[in-house]
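Now for the letters of each chain:
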Amino acid sequence: MLQEVIKAPLHQENDSRYEYMVITAFPGESKHVARAALREHADNGKWELMRTCRYEGGAYKYWLRRRVMRVQSTLPPLP
C-alpha cells in the first residue's frame with residue numbers, strides 16, 4: 001500500500017483550503033488492510049473519504065481530504 005500527502009496551496013481563500021491524502025492499494029493486497037488504514041486515518045487524523053477509484057488492473061485509489069486550519073497570531077509584534 002502506498003500513501004501520499006498533497007499539501008494545500010497557499011494562494012486559495014481560507015474556506016477552500018484542503019490537504020489531500022491518496023492511498024493506493026495494489027491488486028495483490030487485502031482489502032481489509034486498506035479499510036483498516038482508511039478507518040485509522042478517519043478516526044485519528046480527521047480525514048474524510050472524498051473519492052474511490054478502481055483501475056482496470058485491480059488497483060484501488062482512495063482520496064481523503066481534511067480542512068486546513070491556519071491560525072493567525074493575536075499577540076502584538078515584539079519591539
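Structure: see above.
An account of the accompanying structure is given in this report. (Residues numbered from 1 in each chain as written. Predicted model: local features only at pLDDT ≥ 70, side-chain atom pairs only at ≥ 80, totals over all residues. Heavy atoms only, no water.)

## Let's talk about the pairing of strand S4 (residues 60-67)
- As defined by bridge partners, strand S2 (residues 18-25) adjoins S4 across eight bridges and the pair is classed as antiparallel. Note that in S4 the partner of Met21 across the bridge is Leu64.
- Here six bridges tie strand S3 (residues 48-54) to S4, and the two strands are oriented antiparallel to one another. Pairing of Cys53 across the sheet is with Lys61, part of S4.
- What sits between the antiparallel neighbours S3 and S4 is a turn of five residues, in which Gly58 has the positive phi angle 105°. (Pairing = 2+ DSSP bridges. Helix = DSSP H or I, 4+ residues; strand = E, 2+ residues; numbered from the N terminus.)

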